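Fold and contact review
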Amino acid sequence: AVGDAGKECVSEVGRFSSFLKEKTDNKEIPIEAIAASDFEAWFDQQDDATQAWVSANSFAPTAADSGKTLLIPGGTGISKVLLIVGDSGGYGRMYSFSSLPSMLPKKIGTYKFASLGGATAD
């Protein structure tokens, strides 16, 4: 839990809900928000195709890469979205989500948070 700042972060993410729900089909695209410090563990758990894509894009985030986003292909489109969340907690985490509306392609499905990178509402 990150206290009041965490609650604010989750609240701010909710502000984008109308954008995230805009869709033209029933495809659900997960957004995996992870802390930069958790990136290696996340990477090791991914399938070979995801690892190859992440590596081919030289996507190796550091603590300074809060908000960095990578669209990961799969099937006939995007299989998931990776978002790096600031490790500093509080407002740093909240601002990590601010780039999503401009980074996500519209009308290809419904975006849903699979994880919030440690941000919680309590």
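Residues numbered from 1 in each chain as written. Predicted model: local features only at pLDDT ≥ 70, side-chain atom pairs only at ≥ 80, totals over all residues. Heavy atoms only, no water.

Here's the deal with the environment of Trp53
The topology assignment puts Trp53 in helix H4 (residues 48-56). In the structure, Trp53 is positioned 18 residues away from Leu71 in sequence and 9.5 Å away in space, judged by C-alpha atoms. When near neighbours in sequence (up to four residues on either side) are disregarded, Trp53 contacts Leu70, Leu71, Ile72 and Pro73. (Helix = DSSP H or I, 4+ residues; strand = E, 2+ residues; numbered from the N terminus. Contact = heavy atoms within 4.5 Å.)

Here we look at the pairing of strand S3 (residues 77-85)
Of all nine residues in S3, seven are buried; the element is thus mostly enclosed. Two elements, strand S1 (residues 28-35) and S3, share five bridges in a ladder whose sense is parallel. Residue pairing in the sheet places Ala35 in a bridge with Val85 of S3. Alignment of strand S2 (residues 69-74) against S3, held across six bridges, turns out to be antiparallel. (Buried < 20%, exposed > 50% of the residue type's maximum accessible area, 1.4 Å probe, protein only. Pairing = 2+ DSSP bridges.)

Considerations on the environment of Ile78
Here Ile78 is to be found in strand S3. Ile78 sits in the buried class, given a relative accessible area of 12%. For the pair Ile78 and Pro105, spaced 27 residues apart in sequence, the C-alpha to C-alpha distance is 9.4 Å. Ignoring any residue separated from it by four or fewer positions in sequence, one finds Ile78 in contact with Lys27, Ile29, Leu71, Ile72, Pro73, Pro105 and Ile108.

Some points on the packing of aromatic side chains
Taken as a whole, this structure holds three aromatic pairs when the rule is applied. Put simply, the rings of Phe39, Trp42, Phe43 and Phe59 pair up and form one aromatic cluster. One cation-aromatic arrangement involves Lys68 over Phe59; the distance from NZ or CZ to the ring centre is 4.8 Å. (Phe/Tyr/Trp six-rings, centres within 6.5 Å; stacked < 30°, edge-to-face > 60°. Lys NZ or Arg CZ within 6 Å of the ring centre and 35° of its normal.)

A look at the confidence of the model for the protein chain
Chain-level pLDDT for the protein chain is 75 on average; 66% of the residues reach the 70-or-more range. The least confident element of the protein chain is helix H1 (residues 3-15), whose mean pLDDT is 48; the most confident is H4, at 95. With pLDDT under 50 throughout, residues 1-12 is counted as low confidence; its partners more than four residues away or in other chains account for 25 contacts. Residue range residues 19-24 is modelled with pLDDT below 50. Its contacts to residues more than four positions away, or to other chains, number 18 contacts. (pLDDT = per-residue confidence, 0-100.)

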